[in-house]
Amino acid sequence: MPQPNVNEWRGEVRQWLATTLEPRRAAETTAHTAAELAVFHNLTDEEERRLLDRRRAYERARHDAGYQALTLPTENGGQGLTAAHAALFAQEEAEFDVPPSTELISVTVRLVAMSVSLFGTPEQRETYARAFLRTDLLACQLFSEPGAGSDLAALRTRARREGEEWVIDGQKVWTSGAQFAEYGLLLARTDPNVVKQAGITAFLVPMDSPGVEIRPIRQMSGGASFNEVFLSGVRVPDGLRIGRPGQGWEVANATLAFERTASGSGNRRKGGTFDDVLALARSLNRTGDPLVRQRLADLYVRSALRAATVDRVARASAAGGRPGPEASLTKLMASDLLTRTGQAAAELMGARITADTGEPGTFAWTEHLLGAPGYRLAGGTDQIQRNLIGERVLKLPGEPRVDKVPFSELSGN
Ligand SMILES: Cc1cc2nc3c(=O)[nH]c(=O)nc-3n(C[C@H](O)[C@H](O)[C@H](O)COP(=O)(O)OP(=O)(O)OC[C@H]3O[C@@H](n4cnc5c(N)ncnc54)[C@H](O)[C@@H]3O)c2cc1C
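Residues numbered from 1 in each chain as written. Predicted model: local features only at pLDDT ≥ 70, side-chain atom pairs only at ≥ 80, totals over all residues. Heavy atoms only, no water.

Draft legend 1. Spotlight on the site of the ligand. Around the ligand there are 19 residues in total, and Ser-144, Ser-150, Trp-174, Thr-381 and Gln-383 lie nearest to it. A distance of 2.7 Å separates an oxygen atom of the ligand from a polar atom in the backbone of Ser-144. A distance of 3.3 Å separates a nitrogen atom of the ligand from a polar atom in the side chain of Glu-399. Burial of the ligand by the protein amounts to 70% of the accessible area it has alone, namely 970 Å². (Near = heavy atom within 4 Å. Polar contact = N/O pair within 3.5 Å; in protein donor to acceptor, adjacent residues only side chain to side chain. Areas by Shrake-Rupley, 256 points an atom, 1.4 Å probe, with all protein chains shown as cover.)

This is the structure:
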């Protein structure tokens, strides 16, 4: 398909954004509320639903205008454009006041929709991937388990086939947004008699199925954005299997690579940014302090380097291709920057960050500081990203693997 000229396309995008959204307010003029600075929301269910509805209206408008899933091939329901188009859209969009997003929106549109588009049947693409891309349906990611986080392939949730159905038993944990999701992309063990990666299958599970129990987990930053999910005798039709039986590890790896790209690219504005820290330093009259200036310069350089790396990685990946291990670089830089942003704000404020005096933009930072470390874990921890970079980007020798035997022969199974 011929690609639209980038400059003409930029003009169209700008025009569409201008008719859809208000221009972004400068950081200096924003009142820093906890909701704006927090990395994870601390909202009531009703407030969370209102936030989701506002964002879903934008996602639908974006989808219907032809700006969703830009690099996904057209036969998979995307726009078939280049990574340069996607980077340009993100650049233009950043100039506007985009409704705040949540983990669940990002998981639905940028992870689950993409994987269902790539691995689903044409019917699954039409019914589910399209609905996820438009956020008509929301989907969470049912991967991690109490004994399977970094070592995800050790998962123990089982699915056994009964005629045209699968019966699922097990437990998932840290499932972001499960309480608001209509579906979950679940990994389950369907064959324990092969090596652990080979015996996994992916399913879309309706979250209102009998046997699904969702228990929110309260986080140290205040909110309860993720959950434990218990599955007891949950029946799922074979038509909701995504990919072939045993192809689940491939689905998981593609989904995780999309997740690293989504976390690393920073399209969803999570908590405070360099501009917010600069605005804070100005409001506290601290920009003349040489140590503060050094800290601000360091943050600025790291923000610029992250943006440049995101751009480089995006351009390097072919249009429509799955993100490669390079996505680990941007994920690592983004989680590091988020942590440093909170630390810089804490240094500027000292003890004031812990006491709610009602002063705008001070105590609000506490939710950023307590939430930021979560992104060093979500989507694969910093250490796992370093392993991936070492092994798959730098081609260093791999970690010793002692588990290349059938899953059922590993101790405890
Ligand atoms: C905010 C947030 C949202 C999340 N959302 C979801 C979600 O929606 N769906 C979902 O399925 N999961 C989700 N998770 C779970 C996340 O994927 C896991 O927390 C993560 O993969 C780490 O697994 P774990 O917590 O079991 O830690 P563990 O795997 O037990 O790791 C413990 C420590 O050991 C280190 N470690 C482990 N193995 C190695 C190794 N081989 N080399 C070096 N160091 C190692 C880790 O880096 C870590 O520091 C979320 C987590 C967070 C924090």
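Draft legend 2. Summary view of the domain arrangement of the chain. One can read the domain layout of the chain as domain 1 (43-136), domain 2 (140-246) and domain 3 (252-393). Carbon and sulfur atoms supply 70% of the area buried between domain 1 and domain 2, which totals about 1400 Å² over both sides. Its largest share of buried area at the contact with domain 2, domain 1 owes to Leu-104, Gln-124 and Tyr-128, together 34% of the area lost on that side. Our count for the domain 1 to domain 2 interface comes out at 0 salt bridges. The tally of links from domain 1 across to domain 2 stands at 2 residue pairs in polar contact (both at pLDDT 80 or more). When contributions to the side of domain 1 that touches domain 2 are tallied by element, the ones reaching two or more residues are α3 (45-64), α5 (103-119) and α6 (122-133). Broken down by element, the residue count for the side of domain 1 that touches domain 2 peaks at 8 residues, all from α5. (Domains from an automatic or database assignment. Buried area = accessible area lost by both parts, 1.4 Å probe. Salt bridge = Lys/Arg side-chain N within 4 Å of Asp/Glu carboxyl O. Helix = DSSP H or I, 4+ residues; strand = E, 2+ residues; numbered from the N terminus.)

Draft legend 3. Broad picture of the pairing of strand β5 (residues 200-206). Buried residues dominate β5, accounting for 7 of its 7 residues. Where burial is concerned, the two faces of β5 agree: the one with Ile-200, Ala-202, Leu-204 and Pro-206 and the one with Thr-201, Phe-203 and Val-205 are both buried. Direction of pairing for strand β4 (residues 183-189) relative to β5: antiparallel, over a ladder of 7 bridges. Paired with Tyr-183 across the bridge in β5 is Pro-206. Bridge analysis of β5 against strand β8 (residues 241-242) gives 2 bridges, and the strand direction is antiparallel. Bridged to Ala-202 within β8 is Ile-242. (Buried < 20%, exposed > 50% of the residue type's maximum accessible area, 1.4 Å probe, protein only. Pairing = 2+ DSSP bridges.)

Draft legend 4. Molecular detail of the nonpolar core. Counting 56 residues, the largest nonpolar core has Phe-132 and Leu-204 as its most contacted members. At the level of secondary structure, the elements contributing two or more residues to this core comprise α5, α6, β1 (139-142), β3 (165-176), β4, β5, β7 (226-237) and α7 (248-265). The greatest single-element share of this core, amounting to 10 residues, is contributed by α5. By size, the runner-up hydrophobic cluster in this structure holds 19 residues, among which are Leu-280, Leu-337, Ala-344 and Trp-365. (Core = buried A, V, L, I, M, F, W, Y, C linked by side-chain atoms within 4.5 Å.)

Draft legend 5. Spatial organisation of unusual backbone geometry. The backbone of Thr-135 shows a phi angle near 60 degrees, a positive value even though the residue is not glycine. With respect to the helices, strands and loops of the structure, Thr-135 is situated in the loop between α6 and β1. The phi torsion at Trp-174 lies on the positive side, around 65 degrees, for a residue other than glycine. Looking at the secondary structure, you find Trp-174 in strand β3. By relative accessible area, which is 48% here, Trp-174 ends up partly exposed.

Draft legend 6. Seen up close, the environment of Thr-255. With respect to the secondary-structure elements, Thr-255 resides in helix α7. Each C-alpha atom of the pair Thr-255 and Val-107 lies 9.4 Å from the other, and the pair is 148 residues apart in sequence. Setting aside anything within four residues of it in sequence, one finds Thr-255 in contact with Leu-111, Ser-115, Gln-141, Phe-143 and Leu-185. (Contact = heavy atoms within 4.5 Å.)

Draft legend 7. Examining the pattern of salt bridges more closely. Taken as a whole and judged by the stated rule, the model has 26 salt bridges. With a shortest N-O distance of 2.9 Å, Arg-55 and Glu-59 are connected by a salt bridge. Pair noted here: Arg-55 and Glu-59 are both in helix α3, with a separation of 4 residues, about one helical turn. Notably, a salt bridge pairs Asp-136 with Arg-60, separated by 2.9 Å at the nearest N-O pair. Here Asp-136 is found in the loop between α6 and β1, whereas its partner Arg-60 is found in helix α3, with 76 residues between them in sequence. Sharing partners across several salt bridges, the network here consists of Arg-160, Glu-162, Glu-165, Asp-169 and Arg-235.

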